[in-house]
Amino acid sequence: LPLWERLKRRIIDGEKKGLETDLDDALAQRPALEIINEVLLDGMKTVGELFGSGQMQLPFVLQSAEVMKTAVAYLEPYMDRVDGETKGRIVLATVKGDVHDIGKNLVDIILSNNGYQVVNLGIKQPVSTILEAAEEQKADVIGMSGLLVKSTVVMKENLEEMNSRGMSDYPVLLGGAALTRAYVEQDLAEVFTGEVRYARDAFEGLRLMDAFMA
Ligand code: B1M
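Just so you know, these numbers come straight off a predicted model, no measurement behind them. (Residues numbered from 1 in each chain as written. Predicted model: local features only at pLDDT ≥ 70, side-chain atom pairs only at ≥ 80, totals over all residues. Heavy atoms only, no water.)

A. Broad picture of helix α9 (residues 202-213). Given a rise of 1.5 Å per residue, 12 residues ought to cover 16 Å, and the 16 Å separating the end C-alpha atoms of α9 matches this to within 8%. Residues of α9 that are buried include every one of Ala202, Glu204, Gly205, Leu206, Leu208, Met209 and Phe212, and no others. If you check the start of α9, you find a side-chain oxygen 3.1 Å away from the backbone N of Phe203, and it comes from Asp201. (Helix = DSSP H or I, 4+ residues; strand = E, 2+ residues; numbered from the N terminus. Expected span 1.5 Å × (residues − 1). Buried < 20%, exposed > 50% of the residue type's maximum accessible area, 1.4 Å probe, protein only. Polar contact = N/O pair within 3.5 Å; in protein donor to acceptor, adjacent residues only side chain to side chain.)

In structure tokens, the structure reads:
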């Protein structure tokens, strides 16, 4: 198989052997971020489709996710970094009940490489942990990720909790596959008394962070 097809296949098949050699070859031709966005994420998309249609079982999805994580970790040092003063701080978490963290960790990498301090709390984080961390760390923004449909409900509850704790002065950034722009910026914006925005991907997350901090 040609290199790009082979790399995508590695994600789909969950095959780590020879991964680093292929990534080295890829890095000689394209920037790290482009390899992630255009090749590896394409592989994860196929995994999602295969799993969704019952053609792939969960343990194999897990293997694919492991290869994806390994590849991203390998590529991270090759990504462009903006040095200089810290632009702001975000507390970032995958919400309660949700284990998906590949997207959240990409957001972490993109924001960290572009001058933000990211306090990454990890997965399955209850709202109290997220809100307490935001206060303790003096965060400028709260970021929540979730991929399950039920996580969209959890996010709504979290925003309600922020209202009742008087924490609506924190701008909130939301992302993850189950969300839509309309749900966040219309439905959830009606619930939350502060500002809540939807990021389709990590780059939109970065643009919104810049806008929040402006
Ligand atoms: Co799960 N899973 N999974 N899974 N999984 C989905 C989400 C699913 C859509 C698959 C499917 O059915 N087609 C489906 C959800 C269906 C639903 O809710 N209606 C699903 C399911 C059902 C499940 C389980 C329930 C399966 C089971 O146990 N029977 C289970 C849930 C466990 C739980 O959470 N309690 C489960 C488990 C898993 C694995 C552990 C095997 C693994 C996760 C491993 C890991 O993350 N460490 C996994 C995976 C890998 C997926 C798919 C295939 C891929 C997700 C992924 O990593 N995508 C996924 C299919 C899909 O998403 N279509 C699926 C790549 C990643 C980069 O994209 O996270 O969307 P994403 O991030 C994007 C943007 O959304 C955005 O930026 C990123 C790109 O730049 N973004 C943000 C994300 N967060 C952001 C936050 C921001 C800003 C932008 O600011 C704060």
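B. Quick peek at the side chain of Asp22. Within the secondary structure layout, Asp22 lies in helix α2 (residues 19-27). Its relative accessible area of 4% is what places Asp22 among the buried residues. With residues near it in sequence (within four places) discarded, Asp22 still touches Leu3, Arg6, Leu7 and Arg10. (Contact = heavy atoms within 4.5 Å.)

C. Main features of the site of the ligand. Close contacts around the ligand come from 34 residues, with Val99, His100, Asp101, Ser145 and Val149 the closest. One nitrogen or oxygen atom from the main chain of Gly48 is found 3.1 Å from a nitrogen atom belonging to the ligand. Ser145 is positioned such that a nitrogen or oxygen atom in its side chain is 2.8 Å from a nitrogen atom of the ligand. If you list the elements that add at least two residues to the shell around the ligand, you get α3 (32-52), α4 (58-75), α5 (102-113), β3 (141-145) and β4 (172-175). By residue class, the composition of the shell around the ligand is 20 nonpolar, 9 polar and 5 charged. (Near = heavy atom within 4 Å. Nonpolar A, V, L, I, M, F, W, Y, C, P; charged D, E, K, R; others polar.)

D. How the structure looks around the coordination of the cobalt atom of the ligand. Looking at the protein side alone, the cobalt atom of the ligand has one donor only, His100 (NE2), at 2.2 Å. Relative to the elements of secondary structure, His100 occurs in the loop between β1 (88-95) and α5. (Donors = N, O, S within 2.8 Å, 3.2 Å for Na, K, Ca; no water.)

E. Region of interest: the pairing of β3. For β3, the buried fraction is high: 5 of the 5 residues fall into the buried class. On β3, burial covers both faces: Val141, Gly143 and Ser145 on one face and Ile142 and Met144 on the other are all buried. Where β1 lies against β3, 5 bridges are found, and the strand directions are parallel. The residue of β3 that forms the bridge with Thr94 is Ser145. Bridge count for β3 against β4 is 4 bridges, and the pairing is parallel. Residue pairing across strands places Ile142 opposite Val172, the latter belonging to β4. (Pairing = 2+ DSSP bridges.)

F. Seen up close, the sheet that holds strand β2 (residues 116-125). Reading across the sheet, the 5 strands line up as β2-β1-β3-β4-β5 and stay open at both edges, with parallel pairing between neighbours. Single-partner strands in this sheet number two, and they are β2 and β5 (196-198). Across the sheet, the mean angle separating the axes of adjacent strands is 20° when strand polarity is ignored. Helix-sheet contacts for helix α6 (residues 127-136) involve β1, β2 and β3, and the interaxial angle to β2 is about 165°. Contacts between helix α7 (residues 149-164) and the sheet are confined to β1, β3, β4 and β5, with β3 contributing the most and set at about 160° to the helix. (Axes fitted to C-alpha atoms, helices over the stretch in contact; angles between N-to-C directions.)

G. Structural detail: the nonpolar core. Residues Met144, Met162 and Leu174 are the most contacted members of the largest nonpolar core, which totals 27 residues. For this core, the elements supplying multiple residues, two or more each, are β1, α6, β3, α7, β4, α8 (181-191) and β5. Tallying contributions element by element places α6 first for this core, with 5 residues. Beyond its immediate chain neighbours, meaning those up to four positions away, Met162 contacts Leu131, Ile142, Met167, Ser168, Tyr170, Val172 and Phe192. By size, the runner-up hydrophobic cluster in this structure holds 25 residues, among which are Leu19, Ile36, Val61 and Ile102. (Core = buried A, V, L, I, M, F, W, Y, C linked by side-chain atoms within 4.5 Å.)

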